[in-house]
Amino acid sequence: MAIDRRTPTNTIVGRDKETFLNEENPFEAMMLRFDKAAELLNLEPGLYRVLRHPEKQIIVSVPVMKDNGEVEVYTGYRVLYNTSRGPAKGGIRFDLQVTLEEVKALAAWMTWKCAVVNIPFGGAKGGVVCDPHSMSIGELERLTRRYTAGIIQVLGPDSDVPAPDVNTNERVMAWIMDTYSMHVGHTVTAVVTGKPVEMGGSLGRREATGRGCMIVTKQALEHLGMPVAGTTVAVMGFGNVGSVAARLLQAEGCRVIAISDRSAAIHDADGIDIDSAIAYSGEHGTLAGYPMGTVISGADLLALDADVLLPAALENVITTRNAASIRARIICEGANGPTTAAADSILDENGIFVIPDILANAGGVTVSYFEWVQDRGGYFWTEQLVNDRLGEIMVNSFQAVLDLSKEHKVNMRTAAYMLAISRVATVHRLRGVYA
Ligand code: NAD
């Protein structure tokens, strides 16, 4: 199959690319991995073209009445990347860094992620360019409701099901569910996941992504013949994913020697008490000022001599500039896209076992799927059942990716993409091209 491998220059910019190719363009990072896996799968050119393009990209202007009476207009995106396997599924983030390129990449990642864990969803993502930390609760609610109204044509339990992502949470999901329900005239809990448990959310959803990271990290340790007890872990990002993963790994016997958030990084070779760090961060809204351990830089954290490095913040933190300094034996990608494509080969050369994002952080969407199933069935499961079913899916998915990586002698990332792309491609072949 012919794949364009020309060196990026100002004159070679693909049709669907509005920004120049660079290492930190997340869509390109995703596509480079996609291309490699597609080539190994010998994907037919027509399907290759289909899977390289998002199905639908929506840009909305979101006017919001501020508390001071002035109207501000924000830009919101929703991208449905591929819905061949089922309704689009993907989070919504509120952040100043949100771009269409990023949302496209995240939507594609969701497509591959749902396919890796074999749940019947396609991939989507949304975002609004805003600084939620500078907005009041009332402003955030009005922003959420107006953004929801702007994209309401695509939303629905059978078409597109959002979830929380960076800077959005259960409360935001409740507003989206309410806005959608008001538009259609009846309560539709299954239109979003990651809702409060009291209104159709699933037990275990809040912890699911971090729990999934813990499960696949244990699988990787077992594969590499390393004991869980005493394994040292450094966690970048102490939000939903990072804090839960840190707590659960510690509960399994690991020693978490470093944690960080956007304002501080803490190191303690004897191990940080994660419960106390969670309590501190909950109370102060940040790790800054945490009284135990030593303050280090974010760059130092990445280069620490820890067995496991767990990036759980934003994308593009492991790049060609710092990949060579990483000393961890395992990287568990809790965040989406923390490693650039160009950094992959450096990690490979250094023998680092990477559990790629589309596998490592798939626990969240897996329990979102359970939530959607429970909402539609109107029958709710115990937390133990949720966790057991999550464990089964994460272990089976890890093994399926590992088996493929051994069979094709490729790293775990390429194997995960191969598994995902082959599953999506199979459905496309069976469905054919609607004309
Ligand atoms: P969150 O907003 O709860 O937490 C993000 C954390 O990262 C915060 O502690 C923040 O302070 C920290 N952070 C931001 N910039 C940083 C920096 N430069 N250095 C260190 N820390 C920094 O978000 P989350 O839900 O935990 O998501 C984190 C990542 O995991 C994102 O990439 C998200 O897409 C991905 N993810 C989340 C879920 C989920 O269920 N929440 C599922 C799959 C993937």
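Check the entry above for the structure.
Residues numbered from 1 in each chain as written. Predicted model: local features only at pLDDT ≥ 70, side-chain atom pairs only at ≥ 80, totals over all residues. Heavy atoms only, no water.

### Some words on the overall build of the protein chain
Along the protein chain, the regular secondary structure elements total 14 helices and 12 strands. A compact globule built from 435 residues should have a C-alpha radius of gyration of about 22 Å, and the protein chain, at 21 Å, falls within 12% of that. A principal-axis box enclosing the C-alpha atoms of the protein chain has dimensions of 55 × 55 × 50 Å. Burial statistics for the protein chain: of 435 residues in total, 58% are counted as buried. Of the contacts formed within the protein chain by residues at least 6 apart in sequence, a portion of 68% connects residues at least 24 apart. Accessible area of the protein chain: about 17700 Å², with a carbon and sulfur share of 52%. Of the charged side chains in the protein chain, 40 are positive and 50 negative; the average position of the first set lies 6 Å away from that of the second. (Helix = DSSP H or I, 4+ residues; strand = E, 2+ residues; numbered from the N terminus. Rg over C-alpha atoms; globule rule 2.2 N^0.38 Å. Buried < 20%, exposed > 50% of the residue type's maximum accessible area, 1.4 Å probe, protein only. Contact = heavy atoms within 4.5 Å. Areas by Shrake-Rupley, 256 points an atom, 1.4 Å probe, with all protein chains shown as cover. Lys, Arg positive; Asp, Glu negative; His and termini not counted. Charge placed at Lys NZ, Arg CZ, Asp CG, Glu CD.)

### A word on the packing of helix α6 (residues 205-223) against helix α12 (residues 363-377)
Interaxial distance between α6 and α12 falls to 7 Å at its minimum, and their mutual angle equals 145°. In this structure, α6 crosses over α12, and the sense of that crossing is right-handed. In this structure, α6 uses Arg205, Ala208, Thr209 and Gly212 to contact α12, whose residues at the interface are Gly363, Gly364, Val367, Ser368 and Glu371. Classifying every residue of the contact of α6 with α12 gives 2 nonpolar, 5 polar and 2 charged. (Axes fitted to C-alpha atoms, helices over the stretch in contact; angles between N-to-C directions. Left-handed = near helix turned anticlockwise from the far one by under 90°. Nonpolar A, V, L, I, M, F, W, Y, C, P; charged D, E, K, R; others polar.)

### Points about the sheet that holds strand β8 (residues 265-267)
The mixed open sheet is built from 7 strands, whose spatial order is β9-β8-β7-β6-β10-β11-β12. In the strand order of this sheet, the two ends are held by β9 (294-296) and β12 (353-355), each with one partner. Each neighbouring strand pair of the sheet contributes to a mean axis angle of 25°, computed without reference to strand direction. Summarising the sheet, strand β7 (residues 255-260) and β8 pair through 3 bridges and their orientation is antiparallel. When the bridges of β8 are listed, isoleucine 259 appears paired with isoleucine 266. (Pairing = 2+ DSSP bridges.)

### With respect to the site of the ligand
As a matter of local geometry, the ligand sits amid 22 residues, with Thr209, Asn240, Val241, Arg262 and Asn336 nearest to it. Within the contact set of the ligand, an oxygen atom lies 2.9 Å away from a backbone nitrogen or oxygen of asparagine 240. Between the ligand and the protein, one listed contact pairs an oxygen atom with a backbone N or O atom of valine 241 at 2.9 Å. Calculation on the ligand without its partners gives an accessible area of 830 Å², and the protein chains cover 84% of this total. Looking at the shell around the ligand, the elements with two or more residues in it are α6 and α7 (240-251). (Near = heavy atom within 4 Å. Polar contact = N/O pair within 3.5 Å; in protein donor to acceptor, adjacent residues only side chain to side chain.)

### Digging into the packing of α12 against helix α13 (residues 383-408)
Where α12 meets α13, the axes come as close as 10 Å, and the angle between the chain directions of the two elements is 130°. Taken together, the axis directions place α12 and α13 in an arrangement best described as oblique. Two packed elements cross with a definite hand, and for α12 against α13 that hand is right-handed. Contact residues: Gly363, Thr366, Val367, Phe370 and Gln374 in α12; Val386, Arg389, Leu390, Ile393 and Met394 in α13. Classifying every residue of the contact of α12 with α13 gives 6 nonpolar, 3 polar and 1 charged. (Parallel < 35°, antiparallel > 145°, perpendicular 65-115°, else oblique.)

### Re the nonpolar core
One finds Met30, Phe34, Leu43, Trp112, Ile259 and Ile355 to be the most contacted residues of the largest nonpolar core, which totals 83 residues. Discounting residues that sit within four places of it in the chain, methionine 30 has contacts with Ala105, Ala108, Trp109, Trp112 and Tyr417. (Core = buried A, V, L, I, M, F, W, Y, C linked by side-chain atoms within 4.5 Å.)

### Regarding the side chain of arginine 413
On the secondary structure map, arginine 413 appears in helix α14 (residues 412-431). In this structure the side chain of arginine 413 is engaged in a polar contact, spanning 2.9 Å, whose partner is the side chain of glutamate 333. Excluding residues that lie within four positions of it along the chain, arginine 413 makes contacts with Arg33, Glu333, Thr339, Asp344, Val354, Pro356 and Asp357.

### With respect to the pattern of salt bridges
Under the defined criterion, the tally for this structure stands at 21 salt bridges. Arginine 93 is the salt-bridge partner of glutamate 102, the closest N and O atoms lying 3.2 Å from each other. With a closest N to O distance of 3.1 Å, aspartate 165 and lysine 125 form a salt bridge. Here lysine 125 lies in strand β4 (residues 122-129) and aspartate 165 lies in the loop between β5 (160-164) and α5 (170-184), a separation of 40 residues in the sequence. Comparing aspartate 165 with lysine 125 shows no difference in burial state: the two are buried. What you see here is one network of salt bridges that share partners, running through Arg33, Glu333, Asp344, Asp357 and Arg413. (Salt bridge = Lys/Arg side-chain N within 4 Å of Asp/Glu carboxyl O.)

Scope: geometric values only; no functional claims are made or implied.
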